[in-house]
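Here is how the chains run, residue by residue.
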Amino acid sequence: MRLLPVLIAGYFVAIIDRANLGIAALTMNADLGISAVAFGVAASVFFVPYVLLEVPSNLALARFGAHWWIARIMVTWGIIAAAHALVWDVPSLYVARALLGAAEAGFFPGVIFYLTLWFPAAYRGRIMAAFTAGIPIALIIGTPLSGLLLNLEGMLGLHGWQWLYVIEGVPAVVLGVLIPFIVPGTPEKAKFLTTEERTWLTETLARERREREAASTGRGHRLLKVLLSAQVIMFAVAYYGLTNLNGAISTFLPQILKPFGLSNTTTTFVAAIPYLFGLVGMLVLGRLADRAGKRAFSLYLALAISLVGLVGAAEFSEPIIKLAMLCVTSIGVFGVLPVFWGLPTAMMTGAAAAGGIALINALGNLSSVVNPAVIGAIREKTGDFNGGLLWLAGMSVVSMIALTIILTVWRPTRRTAAPTTGQAV
């Protein structure tokens, strides 16, 4: 209760500032003359500096302190997100998206690493689920909110999409300023814990670190060796498929729904419906994954649900059925994220964890450089998003194969399921 509300709020704002491009596109594309291909490239450009700066940013986080570095990231991206209101053509939009990607680099893996400093392994599935719930929550609330902001068209001479960027950029700056003062860096500095609680927590986390280090004896834990290891690369391949799924849903969903004949505002409210199902998927699958021996099952279940939903959404043109299939898709697409991150955080420790998690996130997000441009090109050629949905279905298969290799070659350390009371295990 001391950490998660603040961190979820930060991720909530991050997702809104990243995904509001899809809502702005409902009117911005016509105002600026942006084609489907150019829009796909604009969505992709964000991830080029984001990927390149992920590892340096997370290493800086480990060096200077997670809460201070996370605050720096938030203030920077909030300013740049609001500055999107100043774009006037396609090239300027590309520049704004690239700067936003550079500013946000390191936030998500930084928070994931920060959570490993606070929560024992047995709790991380539900904690990751609670944190990453910021994604569907942001989209449930932010999508219709962004749609309403489009109605500010003409106020003070600005377009609605310009007001959208300005208003939704401010909260990141405010939260960034507050975070160093309300979120402690480590459990040792947590004044809200009693001496007994602090001792139990620090000793439990220290014991888990020693166990992971002992289990990795002979493999080497020097940072460069970890970053270049087959294990990290395979995790990145698995995450490549997952980020394809998640990024595409939030970026293109409003445009997928627009042909239903709805107004812009109604489209954004309808677009929030699949995200409600995504939130349920996150919480249920994250909880299931915390049961002993259920993490692999939860991963495969989430990906299978995604695959069924994507194929169904591509094959059916009736609005109600397509929307239902997109709801099924969201259960798996959003539900798989917290389950996935429980694996690499259980296998790495220390600076290797900070660098390894960041590299997995960075390489995985290469999909977000390729994916929007591919889907935009498919839509330009075919006139709809069905081919793009089938492309995403293929990405879920890629993740299944990579995860099978990981779970076969590198078995995660068995652990006791989380206790249901405050007692230590």
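Reading the values: the criteria
Residues numbered from 1 in each chain as written. Predicted model: local features only at pLDDT ≥ 70, side-chain atom pairs only at ≥ 80, totals over all residues. Heavy atoms only, no water. Buried < 20%, exposed > 50% of the residue type's maximum accessible area, 1.4 Å probe, protein only. Helix = DSSP H or I, 4+ residues; strand = E, 2+ residues; numbered from the N terminus. Contact = heavy atoms within 4.5 Å. Phe/Tyr/Trp six-rings, centres within 6.5 Å; stacked < 30°, edge-to-face > 60°. Lys NZ or Arg CZ within 6 Å of the ring centre and 35° of its normal. Expected span 1.5 Å × (residues − 1). Patch = residues over 30% accessible without salt bridge, like charges linked within 9 Å, V, L, I, M, F, W, Y side chains within 5 Å. Areas by Shrake-Rupley, 256 points an atom, 1.4 Å probe, with all protein chains shown as cover. Salt bridge = Lys/Arg side-chain N within 4 Å of Asp/Glu carboxyl O. 1 Å grid on protein atoms, 1.4 Å probe; cavity = no way out; pocket = protein on both sides within 12 Å on 5 of 7 lines; lining within 4 Å. Points joined across faces, edges and corners; volume = space filled by probe spheres on them. Nonpolar A, V, L, I, M, F, W, Y, C, P; charged D, E, K, R; others polar. Core = buried A, V, L, I, M, F, W, Y, C linked by side-chain atoms within 4.5 Å. pLDDT = per-residue confidence, 0-100.

1. A closer look at unusual backbone geometry
Move 1: Despite not being glycine, L156 shows a phi value in the positive range, around 55 degrees.
Move 2: For L156, a relative accessible area of 71% gives the class exposed.

2. Examining the environment of F131
Move 1: When you line up the elements, F131 lands in helix α7 (residues 124–132).
Move 2: Since its relative accessible area comes to 0%, F131 is described here as buried.
Move 3: Sequence-distant contacts of F131, that is, excluding residues within four places in its chain, are made with L4, L7, I8, Y11, F108, V111, I112 and L115.

3. Brief notes about the packing of aromatic side chains
Move 1: This model, assessed by the stated rule, comprises 15 aromatic pairs.
Move 2: On the numbers, 6.5 Å between centres and 70 degrees between planes, the contact of W68 with F181 is edge-to-face. With W68 in helix α4 (residues 66–83) and F181 in helix α9 (residues 160–182), this residue pair connects regions lying 113 residues apart in the sequence.
Move 3: Judged by its relative accessible area of 48%, W68 is partly exposed.
Move 4: Between the aromatic rings of W77 and F107, the centroid separation amounts to 5.1 Å while the plane-to-plane angle is 80 degrees, which identifies the pairing as edge-to-face. Placement of W77 in helix α4 and of F107 in helix α6 (residues 107–116) is noted, with a sequence separation of 30 residues between them.
Move 5: Residue classification places W77 among the buried positions, given a relative accessible area of 0%.
Move 6: One aromatic cluster is present, built from ring pairs that chain together Y11, W77, F107, F108 and F131.
Move 7: Over the ring of Y50 we find R18; its NZ or CZ atom is 5.3 Å from the centre of that ring.

4. Some points on α4
Move 1: For α4, which comprises 18 residues, the first-to-last C-alpha distance of 26 Å matches the rise-based estimate of 26 Å (1.5 Å per residue) to within 8%.
Move 2: Those residues of α4 that fall on the buried side of the exposure criterion are A66, H67, I70, A71, I73, M74, W77, G78, I80, A81 and A82.
Move 3: Considering only its buried residues, α4 is in contact with α1 (4–32), α3 (47–64), α5 (90–104), α6 and α9.

5. Focus on a nonpolar patch on the surface
Move 1: A contiguous nonpolar patch, built from V170, V174, L178, F181 and I182 and spanning about 480 Å² of accessible area, is present on the exposed surface.
Move 2: With respect to the helices and strands, the residue I182 is situated in helix α9.

6. Observations concerning the pattern of salt bridges
Move 1: In total, this model carries one salt bridge according to the counting rule given.
Move 2: Between R18 and E104 there is a salt bridge; the shortest N-O distance is 2.5 Å. A residue pair is termed long-range when its members are at least 10 positions apart, and R18 in helix α1 and E104 in helix α5 qualify at 86 residues. Accessibility assignment for this pair places R18 and E104 in one class, buried.

7. A word on empty space enclosed by the protein
Move 1: Under the definition given, this model contains three cavities of 30 Å³ or more.
Move 2: Only α1, α8 (134–149) and α12 (230–257) provide two or more residues apiece to the lining of the second largest cavity.
Move 3: Across the lining of the second largest cavity, the residue classes tally to eight nonpolar, five polar and no charged.

8. Considerations on the nonpolar core
Nonpolar side chains tend to gather and get buried jointly when the protein is soluble and globular.
Move 1: Within the largest apolar cluster, 127 residues are counted, with the highest numbers of intra-cluster contacts made by M28, W77, F107, L115, F131 and F340.
Move 2: Looking at this core, the element that brings in the most residues is α1, giving 17 residues.
Move 3: Sequence-distant contacts of F340, that is, excluding residues within four places in its chain, are made with F235, A238, Y239, L242, L299, I360 and L403.

9. Some remarks on the confidence of the model for the protein chain
Close reading of the predicted structure is inappropriate where its pLDDT is low.
Move 1: Put simply, the protein chain has an average pLDDT of 81, and 88% of its residues get 70 or more.
Move 2: Mean pLDDT across the elements of the protein chain bottoms out in helix α11 (residues 223–227) (59) and peaks in α5 (92).
Move 3: Taken as a whole, residues 415–425 scores under 50 in pLDDT and shows 21 contacts with residues more than four places along the chain or in a different chain.

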